[in-house]
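The lines below spell out each chain.
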Amino acid sequence: MIALAAALAACGNSSSSSSPTATGSSSAATGSSPSATGASSAPATGKVGGSLTVWVDAVRLPAAQAYAKAHPNVNVKIVTFDGDGNGATTMQTKIQLWNRTGSGWPDVIFSEQVNDPVWMAEKPFDFAEPVKGLIPDSVLSQWPAPSTAQCTVNGTQVCVQDNLAQVVLWVNKKLMDQFGYTVPTTWQQWAALGQKVATEHPGYIVGNIGDSFSHWIYLWGDQCPLEQLTGSQLLINAADTHCTRMASLLDPLIKGGALPPLSVFTPDFAKKYGGAADKVLMMPGPSWYATSLFRDTLHIPAGQITAATPLQWENEPITTGQVGGGPWIISKHSTNLATAADFVTWATTVYNPDPTGANARAGYPAYAPVAAKWLAGMATNSYFAADPTPALKAAAADIWKGWSIVTYPDQPVWSNTVVTGLVAGKSLSSLLPAFGSALAQAAQAAGYQVTQ
């Protein structure tokens, strides 16, 4: 069984759910030009050119189109799909089909699912090609070590990450000032303020808990051992105090309406809490919420939102969760590995680091030189009420490393076991035992030795 370090992750907007769709080629691709152009960052060997098929989610589509436009010598076929977001298993089904028929594999896949490279590197899928030797070591060294570890399976690096997805506390400075509230620094202060909001300003919220990844925000952030892999043993202990104390903290907020069990990507959520009369006072969430959620999905006006450091549990050291994966994976079946590697290198190290552009990156870039430029742009981005970058940079080092990356998707388990129960009026505390049991069943079905 694979032991893979949990670390800094990358993610895009998980709301896309479209069926696979071919969207263009180098002769017809659209999209803005990249912010940095010129010669490609070519791999150590091989000639860039010929045909290339890439599968991407909707968020990464502009990057693929921009590569095609900047490389007219490459005939790029772009297929958009759901990105395996929210725990989908589209790629498992597709790769099994391609393996049976002996054809159809794309050269490159982008996945929103953090665990996809783990199973893609193993039989029976056997899809992921090692990146060492395809992408120069001098380039690979510019990813943070924990990010590289998340892409490393059995000692072999099989992907590179697009973004990091550390969780911070997003704050609506305009509303906080209007209501006379102080930004909390602990979970206890945040919860107390949430209960105060429910009484003094009903209808306003301090977060949400209805997304398929909400446990990555709240339970991961409080060191709840739901995916703790040591050797071949996977610890899933939903009864641990780090799980139960967070559930007890959240229950009054859920009941009082300040923490609704709605997904941020639903029309109901946008109607109730978004727009010019927005009611999002605070929201724990990942770095890519910055513009993807608040500006582009909820349409919260400029000059309101900024980021504060992750909440801590009383006087304990700060730890936070992450919401993402965002790996680029090259297929070992590709007959054009040099161009596939050039595409991945260009998409992660060259493409549009300016966060103010129309086709800006969705989140905090994993590649360090691009991250520096992205942060510089974010610091002066007029959308934000104050510079969000100090909190984003600090949180990147605070992700709790006791949450391991596993082969099975846990998001559907959370949605089916917990979110449905919350919508029905049950408490999170009452749902934790069933959640732990369902996770254990999924883990055992995936071949893990589970300790509870």
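Residues numbered from 1 in each chain as written. Predicted model: local features only at pLDDT ≥ 70, side-chain atom pairs only at ≥ 80, totals over all residues. Heavy atoms only, no water.

**Structural notes on the state of the cysteines**
The tally for this structure, following the rule as stated, stands at two disulfides. One disulfide bridge connects Cys151 with Cys159, the sulfur atoms lying 2.0 Å from each other. Here the S-S torsion is close to -105 degrees, and the disulfide linking Cys151 with Cys159 is therefore left-handed. Residue Cys151 is classed as buried on the basis of its relative accessible area of 1%. (Disulfide = S-S within 2.5 Å. Buried < 20%, exposed > 50% of the residue type's maximum accessible area, 1.4 Å probe, protein only.)

**Topic: the pattern of salt bridges**
A complete count under the given rule lists nine salt bridges for this structure. The closest approach of N and O atoms between Lys123 and Asp126, which form a salt bridge, is 3.7 Å. Exposure remark for Asp126: the relative accessible area of 24% places this residue in the partly exposed category. The salt bridge partner of Arg295 is Asp296, with a shortest N-O separation of 2.7 Å. Through salt bridges with shared partners, one network takes in Asp57, Arg60 and Asp162. (Salt bridge = Lys/Arg side-chain N within 4 Å of Asp/Glu carboxyl O.)

**Re the environment of Gly274**
Its location among the elements puts Gly274 in the loop between helix H10 (267-273) and strand E11 (282-286). Judged by its relative accessible area of 11%, Gly274 falls in the buried class. Separated by 10 residues in the primary sequence, Gly274 and Val264 place their C-alpha atoms 9.6 Å from one another. (Helix = DSSP H or I, 4+ residues; strand = E, 2+ residues; numbered from the N terminus.)

**Regarding the confidence of the model for the chain**
Looking at the chain, the pLDDT average stands at 88 and 88% of residues meet or exceed 70. Counted against residues more than four places away or in other chains, residues 1-19, with its pLDDT under 50, gives 91 contacts. Per-residue pLDDT stays below 50 along residues 24-44; that stretch engages in 46 contacts with residues further than four places along the chain or on separate chains. (pLDDT = per-residue confidence, 0-100. Contact = heavy atoms within 4.5 Å.)

**Quick word on the packing of helix H9 (residues 241-256) against helix H16 (residues 428-445)**
Direction vectors running N to C along H9 and H16 enclose 135 degrees, while the axes themselves pass 8 Å from each other. Looking at the two axes, H9 sits oblique to H16. Note on element contacts: H16 touches H9 through Leu428, Ser429 and Leu432, opposite Cys243, Thr244, Ala247, Ser248, Leu250, Asp251 and Ile254. Its residues assigned to classes, the contact of H9 with H16 comprises six nonpolar, three polar and one charged. (Axes fitted to C-alpha atoms, helices over the stretch in contact; angles between N-to-C directions. Parallel < 35°, antiparallel > 145°, perpendicular 65-115°, else oblique. Nonpolar A, V, L, I, M, F, W, Y, C, P; charged D, E, K, R; others polar.)

**Considerations on the environment of Ser415**
Mapped onto the secondary structure, Ser415 falls in helix H15 (residues 411-423). Look at Ser415 and you get partly exposed, because its relative accessible area is 22%. Spatially, the C-alpha atoms of Ser415 and Phe435 are 9.7 Å apart, while their sequence positions differ by 20 residues.

**Regarding the pairing of E11**
Judged by how many residues are buried, E11 sits mostly within the fold: five of five residues are covered. Examined bridge by bridge, strand E8 (residues 167-172) and E11 share five bridges and lie antiparallel to one another. Bridge pairing links Val168 to Gly285 in E11. (Pairing = 2+ DSSP bridges.)

**Topic: H16**
Here H16 spans 25 Å end to end across 18 residues, near enough to the 26 Å set by a 1.5 Å rise per residue. All of the buried residues along H16 are Leu428, Leu431, Leu432, Phe435, Gly436, Leu439, Ala440 and Ala443. Buried residues along H16 sit in contact with helix H8 (214-218), strand E10 (233-235), H9, H15 and strand E14 (449-451). Note on H16: the residue one or two positions beyond its end, Gly447, has a positive phi of about 100 degrees. (Expected span 1.5 Å × (residues − 1).)

**Structural notes on the environment of Ile78**
Mapped onto the fold, Ile78 is located in strand E3 (residues 74-80). Accessibility expressed as a relative area gives 0% for Ile78, which makes it buried. In sequence terms Ile78 and Val56 are 22 residues apart; their C-alpha atoms lie 7.4 Å from each other.

**Brief notes about the sheet that holds strand E12 (residues 305-308)**
Overall, antiparallel pairing links the three strands, which are arranged E11-E8-E12 in an open sheet. At either margin of the open sheet sits one strand with a lone partner, and together these are E11 and E12. Strand-to-strand twist of the sheet, defined as the mean angle between neighbouring strand axes without regard to direction, takes the value 35 degrees.

**Description of the pairing of strand E13 (residues 327-330)**
The alternating pattern of E13 places Pro327 and Ile329 on one face and Trp328 and Ile330 on the opposite face, and all of these are buried. Here strand E4 (residues 108-110) pairs with E13 via three bridges, running antiparallel. Within E13, the residue paired with Val108 across the bridge is Ile330. Pairing of strand E7 (residues 160-161) with E13 involves two bridges; the strand directions are antiparallel. Residue pairing in the sheet places Val160 in a bridge with Trp328 of E13.

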